[in-house]
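So the chains spell out like this:
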Amino acid sequence: MTDSPKPVTLITGATGGIGAALARELAGTHDLILQARDGARLSTLCAEVGGTPLPLDLTRPDTFEAALSGLGRVTNVVQNAGVADLGAVAEQPPEVWTHTLAVNVVAPAALTRLLLPRVRAERGTVVFVNSGAGLRANPGWASYAASKFALRALADALREEEVPHGVRVTSVYPGRTATPMQEKVRSQEGGAYDPEVYVSPETVAATVRFVLEAPRDATLPDVSVRPGPR
């Protein structure tokens, strides 16, 4: 009797706070394909966790098909990459909106489309790492929240479309998480960054792992992760 092959999990934004934590969480039990744009950081992480690097610029969907052509099996896709630039609607130029929507919505849609045949063959799972901003838009967050609302719509539509193919689709909505992105956000808000009051990236990673490894008779459409009592 032969052992079942490990699931193959592709993570975008793998060198960020949540992405790197997830790579470490899954290392050893999943074969990993790790996407990032920074080649040096990506190489270091891949060496640490035994992953396959996928250097890719998410603002260039025209390059995706060629970059993915050499991949074999893909069981799960975790769409984790994202950008955030805060600003009032009255102040943000179209370039910010275009870049935010390109990375946070267009890239996940394009990558998912290209990877779906592989995920269907594995009856795998697609996870979209969303945000609390994908559930409620606050002042100064319009462009980012709009992208995350759109990402939620993408996930909701995909979930229903993929039922006949046995693919599960989950949106995970982390609250404020102790990552470099959150540090940047707090700077833009003019506030202090205190990682102790936020969810740890390791906690979000453990939640995503739970979603990926949940029994096949369950689908977790939406999972929110918020800071617990201190």
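Anything mentioned here points back to the structure above.
No experiment lies behind these values; they were computed from the predicted model shown.

Caption draft 1: Representation of the overall build of the protein in the model. Within the protein, the regular secondary structure consists of seven helices and seven strands. Sequence-ordered secondary structure for the protein, helices as α and strands as β, is β-α-β-α-β-α-β-α-β-α-β-α-α-β. Computed over C-alpha atoms, the radius of gyration of the protein comes to 17 Å, within 12% of the 17 Å expected from 2.2 N^0.38 for 230 residues, which places it in the range of a compact globule. Along the longest, intermediate and shortest principal axes, the C-alpha atoms of the protein span 60 × 40 × 40 Å. By the burial criterion, 47% of the 230 residues in the protein qualify as buried. For the protein, long-range pairs separated by at least 24 residues make up 65% of all intrachain contacts whose partners lie at least 6 apart in sequence. Total accessible area on the protein stands at roughly 11000 Å², and carbon and sulfur atoms take up 55% of it.

Caption draft 2: Structural detail: the packing of helix α1 (residues 17–26) against helix α7 (residues 201–213). Interhelical geometry of α1 versus α7 gives an angle of 55 degrees and a closest axis separation of 8 Å. Relative to α7, the element α1 lies oblique. The chirality of how α1 crosses α7 is right-handed. Residues G17, I18, A21, L22, E25 and L26 of α1 lie in contact with α7, whose contacting residues are P201, E202, V204, A205, A206, V208, R209 and L212. Split by residue class, the contact of α1 with α7 holds ten nonpolar, one polar and three charged.

Caption draft 3: Local environment of helix α5 (residues 142–161). The end-to-end C-alpha distance of α5 is 28 Å, a good match for the 28 Å that 20 residues give at a rise of 1.5 Å each. Three or more residues of α5 are buried, namely S143, Y144, A145, S147, K148, L151, A155, L158 and R159. Contact partners of the buried residues in α5: α4 (94–122), β5 (125–129), β6 (168–174) and β7 (222–225).

Caption draft 4: Looking closely at the side chain of T15. Of note, T15 is situated in the loop between β1 (8–11) and α1. For T15, a relative accessible area of 17% puts it in the buried group.

Caption draft 5: Representation of the pattern of salt bridges. Enumeration over the complete set of coordinates arrives at nine salt bridges. Note that D62 is salt-bridged to R60, the shortest N-O span being 2.7 Å. D62 gets classed as exposed once you look at its relative accessible area, which sits at 56%. Overall, the relative accessible area of 39% leaves R60 in the partly exposed class. Between D156 and R159 there is a salt bridge, with the nearest N and O atoms lying 2.9 Å from each other. Taken together, the positions of D156 and R159, both in helix α5 and three residues apart, correspond to about one turn of that helix. What you see here is one network of salt bridges that share partners, running through E25, R209 and E213.

Caption draft 6: Molecular detail of the sheet that holds β6. Taken in spatial order, the seven strands make up an open sheet running β3-β2-β1-β4-β5-β6-β7, and their pairing is parallel. Two strands in the sheet have a free side with no partner beyond their single neighbour: β3 (52–55) and β7. Mean inter-strand twist for the sheet, computed between neighbouring axes without regard to direction, equals 15 degrees. As judged from the four bridges shared by β6 and β7, these two strands associate in the parallel manner.

Caption draft 7: Quick look at the pairing of β3. Two strands pair when backbone bridges link them, and strand β2 (residues 31–36) and β3 are joined in this way by four bridges, in the parallel orientation. Within β3, the residue paired with Q35 across the bridge is L54. The handedness of the β2 to β3 crossover, carried by helix α2 (residues 39–49), is right-handed.

Criteria and thresholds
- Residues numbered from 1 in each chain as written.
- Predicted model: local features only at pLDDT ≥ 70, side-chain atom pairs only at ≥ 80, totals over all residues.
- Heavy atoms only, no water.
- Helix = DSSP H or I, 4+ residues; strand = E, 2+ residues; numbered from the N terminus.
- Rg over C-alpha atoms; globule rule 2.2 N^0.38 Å.
- Buried < 20%, exposed > 50% of the residue type's maximum accessible area, 1.4 Å probe, protein only.
- Contact = heavy atoms within 4.5 Å.
- Areas by Shrake-Rupley, 256 points an atom, 1.4 Å probe, with all protein chains shown as cover.
- Axes fitted to C-alpha atoms, helices over the stretch in contact; angles between N-to-C directions.
- Parallel < 35°, antiparallel > 145°, perpendicular 65-115°, else oblique.
- Left-handed = near helix turned anticlockwise from the far one by under 90°.
- Nonpolar A, V, L, I, M, F, W, Y, C, P; charged D, E, K, R; others polar.
- Expected span 1.5 Å × (residues − 1).
- Salt bridge = Lys/Arg side-chain N within 4 Å of Asp/Glu carboxyl O.
- Pairing = 2+ DSSP bridges.
- Right-handed = clockwise from strand over helix to strand, strands pointing away.

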